[in-house]
Amino acid sequence: MRKKADVVIIGGGIVGTAVARELARFKLDITLVEQHPDLSMGTTKANSAILHAGFDAAVGTLKAKLNVRGNELYRAWQEELGLDIKLIGSLVVATDEEGLLVLEQLHERGRQNGVPGLVLLSREAVLEREPHLTPATLGALFAPTGGIMDPFGVTLAFAENAVRNGVEVLTECKVEQVEVSDDEVVGVHTSQGFIEARYIINAAGVHADDISRSANDHSFAIHPRKGEYMLLDKSVGNFVRSVIFPTPSKVSKGIVIAPTVHHNTFVGPNALAIDDKEDLSTTAEGLAAIVAGAKSLVPGVPLNAAITQFAGLRAVADGDDFVIRPATGVRGLIHAAGIQSPGLTAAPAIAEMVVDILRSEGLSLHAKIDFCPENPARALFRDQEAPEKQKLIAENPLYGRVICRCEMVTEGDILDAIHRPCGARTLDGVKRRTRAGMGRCQGGFCGPRVTSILSRELKIPIPAVRKDTAGSFLFFDKIRGTHEVKDHE
Ligand SMILES: Cc1cc2nc3c(=O)[nH]c(=O)nc-3n(C[C@H](O)[C@H](O)[C@H](O)COP(=O)(O)OP(=O)(O)OC[C@H]3O[C@@H](n4cnc5c(N)ncnc54)[C@H](O)[C@@H]3O)c2cc1C
């Protein structure tokens, strides 16, 4: 392949896809390249999924400014893009006198950052809202614009809208080097060939410094900082209703307890500096630290309902703030790097900033009159009302065939996940889009069935179906008795 684009975006996480969607507003030829078979497989898939209000980051930092603006943009775009966001509010809980002083500092910092609606709650008010909090609770800072979201869903919504507006997304396309000539970028060498481009956006997450170095820009380094989590089953119910933080430390916002948009509860993360950018292991020590942190805030948290554990890597840059600027000594390369927390929340605002940088770097931006900001409304079968369910089954009987029993995902939902723009190509791709395999049995029942459906729909043999990453084949050969999902009936 030899291709040409006006802008190449490296990285299909929340930042790359938000930039793609923002640039899709203009008459440009844009290509987004992602090394994995699916989008949202880097840090964007493993984080606390919190829409941060913006009181945490130091006044004047990019983190603070872009957090508050990003939160505002998500709320503005929620409907048009069909984003799964719940504004359940966040609480920072103080359990000692020192903590109460921290709450006042955060309140003032939030005011200076422009966070709307912050209030300090008394012990009684906070315990009334969250009765399971430790009796040591002395008060809390409440942020009504704090919330939770579905990070995959949001990333896919940005990507899908970008594709509907003409952006090309290439998965399994790894950038090996940024080609520079006379201190100006001329394109990228990828695992699928050369893509010529005058502007390149580096949104490669923990690998952003490797991309930068390949263009001879050594101006920053990324130091991964791991965070581990435990996810609790839905049976825990509304044990907590808000996002609950302890008072923060210098390196982290502390062990959080929060519901997810899919009615689970999670606890975590810790914060551990590591060297290996691929180390997503969870450890007994890490989980013990999470358990201790969770119990100190919510002593009765039902940890026996844990169904899985996972870890994510924060991409921490020198200086600790986001690195969003043109490269040093190379024209045409723009970094959106060091995007640690609150990068998920800040992403729409990061995208706006990247567009402004491109404009000031000389890229002509002419608005597309036919830009369509909306994604078609889409809900899973289980979330529909009864008459709509009957209509769906009448139109397509596959909506009546439940494939994942824990999460009530039907074959119709799975086909939609595979065939829509930026559709699923792997078992975990289906899981991220539908939740098939995310329930209590963690795919024990539906895994083989989803595998068969992928094989049939992608027209590939079962041994070619992958779990998630490039080489993650599930089977060496077809196993006798593997569940067959027949052609559409
Ligand atoms: C423990 C933890 C908790 C967090 N909690 C929150 C939170 O609650 N709220 C919040 O707002 N933020 C949170 N964050 C931060 C947030 O998750 C990140 O800021 C955000 O996901 C970063 O997105 P990204 O697109 O920059 O990076 P990524 O999601 O990592 O995307 C980068 C992409 O680039 C691809 N890539 C890399 N190299 C190449 C290459 N050579 N060629 C092609 N593709 C390449 C990768 O495969 C990846 O898909 C948290 C982070 C962590 C780790």
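Structure: above.
What this report covers is the structure whose coordinates are included nearby.

Conventions adopted
Residue numbers here run from 1 along each chain, matching the order of that chain's written sequence. Selection of residues for local features in this predicted model requires a pLDDT of at least 70, selection of side-chain atom pairs for listing and counting requires 80 or more, and totals for whole chains, interfaces and linings are taken over all residues. By convention in this description, side-chain values take in all heavy atoms of the structure and omit both hydrogens and water. With a 1.4 Å probe rolled over the protein chains alone, any residue whose accessible area is under 20% of its type maximum counts as buried; one over 50% counts as exposed, and the rest are partly exposed. Starting at the N terminus, helices and strands are each numbered in turn, a helix being any DSSP run of H or I of at least four residues and a strand any DSSP run of E of at least two. Paired strands, as defined in this entry, are two strands with at least two bridges between them according to DSSP. As used here, the term nonpolar core means buried Ala, Val, Leu, Ile, Met, Phe, Trp, Tyr and Cys residues forming a set that is joined through side-chain atoms within 4.5 Å. Working rule for contacts: check all heavy atoms of both residues, and any pair within 4.5 Å makes them a contact. Inter-axis angles, ranging from 0 to 180 degrees, are taken between N-to-C directions of lines fitted to C-alpha atoms, where helices are fitted over the stretch in contact. Put simply, two rings from Phe, Tyr or Trp (the six-membered ring, in Trp's case) pair if the centres are within 6.5 Å, and we call them stacked under 30 degrees between planes, edge-to-face over 60, tilted for the rest.

### Some words on the pairing of strand β8 (residues 139-143)
Where burial is concerned, most of β8 is hidden: five out of the five residues are buried. Of the two faces of β8, the one lined by G139, L141 and A143 and the one lined by A140 and F142 are each fully buried. Relative to β8, strand β6 (residues 90-94) runs antiparallel, the two being bridged by five bridges. Looking across to β8, one finds that V92 is bridged to L141. Pairing of strand β7 (residues 119-122) with β8, which is carried by four bridges, proceeds in the antiparallel orientation. Across the sheet, V119 pairs through a bridge with F142, a residue of β8.

### Here we look at the nonpolar core
Counting 54 residues, the largest nonpolar core has I9, V15, L23, L66, Y74, I324 and I350 as the members making the most contacts within it. Of all the elements in the fold, those that place two or more residues in this core are β2 (7-10), α1 (14-23), β3 (30-33), α2 (62-81), α5 (151-164), β14 (199-202), β22 (333-337) and α8 (343-360). In terms of residue count, α8 provides more of this core than any other element does, eleven residues in total. Those residues in contact with L23, other than ones at most four positions away along the chain, are V7, I9, L28, I30, V355 and L358.

### Digging into the sheet that holds β22
The sheet built from six strands is open, its strands ordered β10-β3-β2-β14-β22-β21 with mixed pairing. This sheet does not close on itself; its edge strands, each paired only once, are β10 (168-170) and β21 (323-326). With strand direction ignored, the average angle separating the axes of adjacent strands in the sheet is 15°. Contacting β2, β3, β14 and β22, α1 crosses the sheet at an angle of about 160° to β2.

### A word on the sheet that holds strand β9 (residues 147-149)
Read from one edge to the other, the open sheet built from three strands follows the order β4-β9-β5, with strand pairing classed as antiparallel. The sheet is open, and its two borders are formed by β4 (50-51) and β5 (85-86), each paired with just one other strand. The sheet contact formed by β5 and β9 spans two bridges and is antiparallel. Looking at the pairing, I85 lines up with M149 of β9.

### So, the packing of aromatic side chains
Applying the stated criterion across every chain, the model contains five aromatic pairs. Here W77 and F158 contribute two aromatic rings whose centre-to-centre distance is 6.0 Å and whose plane-to-plane angle is 90°, an arrangement assigned as edge-to-face. Taken together, the positions of W77 in helix α2 and F158 in helix α5 put the pair 81 residues apart, joining distant regions of the chain. Accessibility assignment for this pair places W77 and F158 in one class, buried.

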